[in-house]
Amino acid sequence: MEREEQDSIFASFSGKPDELISLLQAIQKRDGYLSQELLRQAAYFLKVSENTVFGVASFYSQFRFHPPGQNLVRVCMGTACHVQGGKQLSEEIEKILSIGSGETTPDGQFEFQEVACLGCCAQASVVEMNGRIYGKMTPTLLREVMKDTYGIS
Ligand code: FES
């Protein structure tokens, strides 16, 4: 690979292997995720194997490998929400969006995540949509919110 083909983000790094995490963080901060191409470029730039780069990137949950959806739906799977039907909410989102946790719809409109406690257990079961908390949710209420807010059902 020629130097000029490298992404400009590499310019602020010297190319030492110990810069790997900082470089991955910088890429993700700019792009919102780590593309396969930039992971390969990072390996070349830092003179480490692609396996090393992929291994480190996949070890840390902070890194993501697909572009974020325009709308983020997070269903709490913490203990309080779980006993109040969190799994049913998760299954309802899967039906509505036709994707599983950790996935983004093909049109990039929605991303769905199952997450640990969202910090408002008294409102269990909790769903968060684009930062807004919806408490005491049921699958029926969830479907209504998705329809009223995003026009999908
Ligand atoms: S367990 Fe769901 S908000 Fe705490």
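Residues numbered from 1 in each chain as written. Predicted model: local features only at pLDDT ≥ 70, side-chain atom pairs only at ≥ 80, totals over all residues. Heavy atoms only, no water.

Q: Explain helix α1 (residues 20–31) to me, and be specific about the residues and the numbers.
A: Three or four residues apart is the spacing at which side chains of an α-helix point the same way, because the helix has 3.6 residues per turn. Taking 1.5 Å of rise per residue, the 12 residues of α1 would be expected to cover 16 Å, and the 16 Å separating its terminal C-alpha atoms lies within 8% of that figure. Where α1 is concerned, the buried positions are L20, L23, L24, I27 and Q28. Summarising the axial view, the buried residues of α1 lie within an arc of 130 degrees, below the 170-degree limit, and thus occupy one face. The first or second residue beyond α1 is G32, which carries a positive phi of 90 degrees. (Helix = DSSP H or I, 4+ residues; strand = E, 2+ residues; numbered from the N terminus. Expected span 1.5 Å × (residues − 1). Buried < 20%, exposed > 50% of the residue type's maximum accessible area, 1.4 Å probe, protein only. Arc of directions from axis to C-beta.)

Q: So, the side chain of S35: which residues are in play, and what are the values?
A: Position of S35 among the secondary structure elements: in the loop between α1 and α2 (36–46). A polar contact is formed between the side chain of S35 and the backbone nitrogen of L38, at a distance of 3.1 Å. (Polar contact = N/O pair within 3.5 Å; in protein donor to acceptor, adjacent residues only side chain to side chain.)

Q: Before we move on, can you summarise a nonpolar patch on the surface with the specific residues and values?
A: A cluster of nonpolar side chains, contributed by I21, F59 and Y60, occupies part of the molecular surface with about 300 Å² of accessible area. With respect to the element layout, F59 can be found in helix α3 (residues 50–59). (Patch = residues over 30% accessible without salt bridge, like charges linked within 9 Å, V, L, I, M, F, W, Y side chains within 5 Å. Areas by Shrake-Rupley, 256 points an atom, 1.4 Å probe, with all protein chains shown as cover. Salt bridge = Lys/Arg side-chain N within 4 Å of Asp/Glu carboxyl O.)

Q: For the domain arrangement of the chain, give the residues involved together with the corresponding values.
A: In terms of domains, the chain is made up of domain 1 (3–59) and domain 2 (71–150). Here the C-alpha centroids of domain 1 and domain 2 sit 32 Å apart. (Domains from an automatic or database assignment.)

Q: Could you give an account of the packing of α1 against α3, with specific residues and numbers?
A: Packed helices, taken two at a time, are described by the angle between their axes plus the distance between the axes. Running from N to C, α1 and α3 cross one another at 70 degrees; their axes reach a closest spacing of 11 Å. The orientation of α1 with respect to α3, classified from their angle, is roughly perpendicular. As for the relative orientation of α1 and α3, their crossing is right-handed in sense. When α1 is examined against α3, the residues L20, I21 and L24 are found in contact with a partner set consisting of T52, V53, V56 and A57. Looking at side-chain class alone, the contact of α1 with α3 contains 6 nonpolar, 1 polar and no charged residues. (Axes fitted to C-alpha atoms, helices over the stretch in contact; angles between N-to-C directions. Parallel < 35°, antiparallel > 145°, perpendicular 65-115°, else oblique. Left-handed = near helix turned anticlockwise from the far one by under 90°. Contact = heavy atoms within 4.5 Å. Nonpolar A, V, L, I, M, F, W, Y, C, P; charged D, E, K, R; others polar.)

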